[in-house]
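Commentary on secondary and tertiary structure
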Amino acid sequence: MTEILEKIEMRMQARAEKRAAAPRYIIDPVAFFVALLGGPLLVTALSFWMLFIPVFALAFGGPFYLLIGTPLLLWHLRRTGGETRDIAALAFFANLMIFPLGAVAAVLTHDKEIFTGAMFIVCFGMIFAPAWAWGFGYLYNRLRRDFYAQPQYI
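Residues numbered from 1 in each chain as written. Predicted model: local features only at pLDDT ≥ 70, side-chain atom pairs only at ≥ 80, totals over all residues. Heavy atoms only, no water.

Brief notes about the overall build of the protein
Summing up its helical and strand segments, the protein has 7 helices and 0 strands in all. Helices and strands in the protein line up, N terminus first, as α-α-α-α-α-α-α. Taking 154 residues into account, the globule formula puts the C-alpha radius of gyration at 15 Å, and the protein, at 20 Å, lies well above it. The proportion of buried residues among the 154 residues of the protein is 31%. Within the protein, contacts between residues at least 6 apart in sequence are counted, and of these 80% link residues at least 24 apart. Counting only carbon and sulfur atoms, one obtains 72% of the accessible surface of the protein, whose full area is about 10500 Å². (Helix = DSSP H or I, 4+ residues; strand = E, 2+ residues; numbered from the N terminus. Rg over C-alpha atoms; globule rule 2.2 N^0.38 Å. Buried < 20%, exposed > 50% of the residue type's maximum accessible area, 1.4 Å probe, protein only. Contact = heavy atoms within 4.5 Å. Areas by Shrake-Rupley, 256 points an atom, 1.4 Å probe, with all protein chains shown as cover.)

Let's talk about the pattern of salt bridges
In this structure the tally under the stated criterion is 2 salt bridges. As a salt-bridge pair, D28 and R145 come within 2.8 Å of each other at their nearest N and O atoms. Separated by 117 residues along the polypeptide, D28 in the loop between α1 (2-21) and α2 (29-47) and R145 in the loop between α6 (112-143) and α7 (146-149) bring together distant segments of the chain. By relative accessible area, which is 44% here, R145 ends up partly exposed. (Salt bridge = Lys/Arg side-chain N within 4 Å of Asp/Glu carboxyl O.)

Points about a nonpolar patch on the surface
Nonpolar side chains collect at one region of the surface, where F48, W49, M50, L51, F52, I53, V55, F56, F60, F120 and F124 lie side by side and expose about 1200 Å² of accessible area between them. Secondary-structure elements contributing two or more residues to the nonpolar patch are α3 (53-79) and α6. Among the elements that line the nonpolar patch, the one with the most residues is α3, at 4 residues. By the element assignment, M50 lies in the loop between α2 and α3. (Patch = residues over 30% accessible without salt bridge, like charges linked within 9 Å, V, L, I, M, F, W, Y side chains within 5 Å.)

Right, here's the structure in full:
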């Protein structure tokens, strides 16, 4: 029993040391909220001329962007420096997670329309999720003050 407790204690100590060595970043709240709302608006303003599809995408995808994107962005920015391409890749893969959730919801409710809606959102999200995340990353990195760009070793 003592050996088991010693192994558990060693593992817990190794995890604590690993966590302590990892840098953390403080999120600039003003830059975050301006970029959170301004990123999709920037992309829409730059591309609205394409048959107004980005305007409709803003209406359809905006709630998903805020519900799923906000916690993911907070989690990601706390652990990384906030590279724009990394944020866009995170958004791309987060968008892909909507498909299995929609498929499970369609199976559980026996409603094909849920699956069709999830496919619609995922297909358009493949384009707009990384684009909006790129807009967010661009604005956040431009607006973030130097104090928030430095890693904190806690």
